[in-house]
Amino acid sequence: MSQYAAGAQRAKIAGFDGVEIHNANGYLLDQFLRDGTNHRTDDYGGPVRNRARLTLEVAEAVTKAWGADRVGIRFSPGGVFNDMRDSNPLATFSHVLRELNRFHLAYAHLIVSTEDDIRHGAVLVPLAALRQEFHGPLIVANGFTRESATRALAEGVADAVAFGRLFLANPDLPQRFRLNAALNTPDESTFYGGTDKGLYDYPTLSPRQEEKVATADSIAVGNP
């Protein structure tokens, strides 16, 4: 716990706005939380209240180091990356989200399972059910489009939607969403570095393109 707190403190000194506890994708805290990987027989293994213990202790340590309003946490309830699995992910993640309410975190961040993820072994954990367990701001991510993100917000299953791949390929993504403009396609071969390709060479909309899209949108909705 002290290492997590120390990391948060260093981020604060460096001028970060906040930190996110990484409890997803098969990293250490995720390994403790899920019964597919946690086979311990001590106070950190067995029933979900024990498996969630390390997550809650880390949350307490990090919020003490900085303050809860600057701390978020990320989970991947249905993910199988790094050979992760759980016999009852809904129960497991419902429990830990419910227990986290006492810390009044800035947010919880959930990676949802896409259809492609499910084809590769991931499971679908009902987002609406998890939304009911966590009382703070909830962010969701993974494979969302402008339309599906708008729907998630309208249905109340999330308070915000995070974009990763689309933002990498579209540095002006908010403006493109506002205009409902076409998007650049992410080049996955550049995601993990190697050269500067894919870092800052995706094109943004020119003022002329923005005007053209806005004009076309006005005509489409019948405005003069």
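Since we're looking at a predicted model, the values are computed, not measured.

Visitor: It is not clear to me how the overall build of the protein chain should be interpreted in this structure. Could you clarify?
Guide: Summing up its helical and strand segments, the protein chain has 11 helices and five strands in all. The principal-axis extents of the C-alpha atoms in the protein chain amount to approximately 70 × 40 × 35 Å. Residue burial in the protein chain is summarised as follows: out of 224 residues, 41% are buried. Sequence separation of at least 24 residues holds for 65% of the intrachain contacts in the protein chain that already meet a minimum separation of 6. With 23 positive and 27 negative side-chain charges, the protein chain shows a spacing of 3 Å between the two charge centroids.

Visitor: How should I be thinking about the packing of helix α1 (residues 2-14) against helix α4 (residues 53-66) in this particular structure?
Guide: When two helices pack together, their arrangement is given by the angle between their axes and by how far apart the axes lie. Where α1 meets α4, the axes come as close as 8 Å, and the angle between the chain directions of the two elements is 30°. Classed by the angle they form, the pair α1 and α4 counts as roughly parallel. Of the two elements, α1 crosses α4, and the hand of that crossing is right-handed. Packed against α1, whose contacting residues are Tyr4, Ala5, Ala8, Gln9, Ala11 and Lys12, the element α4 presents Val58, Ala61, Val62, Ala65 and Trp66 at the interface. Class assignment for the residues of the contact of α1 with α4 results in nine nonpolar, one polar and one charged.

Visitor: Got a minute to help me understand the nonpolar core in this structure?
Guide: Within soluble globular proteins, side chains that are nonpolar generally end up buried alongside one another. If you look at the biggest cluster of nonpolar residues, it comprises 38 residues, and the most contacted ones within it are Ile21, Phe75, Val96 and Leu100. If you tally residues by element for this core, the top one is α4, at six residues.

Visitor: What's the story with the side chain of Asn38 in this structure? I'm lost.
Guide: Positionally, Asn38 belongs in the loop between α2 (28-33) and α3 (48-51). Among the residues examined, Asn38 registers a relative accessible area of 7% and is labelled buried. Polar side-chain contacts of Asn38 include one of 3.0 Å to the backbone nitrogen of Arg40.

Visitor: Sorry, what's going on with the environment of Gly26 here?
Guide: Looking at the element boundaries, Gly26 is found in the loop between β1 (19-23) and α2. A residue is classified by how much of its surface remains accessible, and Gly26, at 7% relative accessible area, is buried. Between the C-alpha atoms of Gly26 and Asn82, which are 56 residues apart in sequence, the distance is 5.3 Å. When neighbours within four sequence positions are excluded, Gly26 is seen to be in contact with Gln31, Phe81, Asn82 and Met84.

Criteria and cut-off values
Residues numbered from 1 in each chain as written. Predicted model: local features only at pLDDT ≥ 70, side-chain atom pairs only at ≥ 80, totals over all residues. Heavy atoms only, no water. Helix = DSSP H or I, 4+ residues; strand = E, 2+ residues; numbered from the N terminus. Buried < 20%, exposed > 50% of the residue type's maximum accessible area, 1.4 Å probe, protein only. Contact = heavy atoms within 4.5 Å. Lys, Arg positive; Asp, Glu negative; His and termini not counted. Charge placed at Lys NZ, Arg CZ, Asp CG, Glu CD. Axes fitted to C-alpha atoms, helices over the stretch in contact; angles between N-to-C directions. Parallel < 35°, antiparallel > 145°, perpendicular 65-115°, else oblique. Left-handed = near helix turned anticlockwise from the far one by under 90°. Nonpolar A, V, L, I, M, F, W, Y, C, P; charged D, E, K, R; others polar. Core = buried A, V, L, I, M, F, W, Y, C linked by side-chain atoms within 4.5 Å. Polar contact = N/O pair within 3.5 Å; in protein donor to acceptor, adjacent residues only side chain to side chain.

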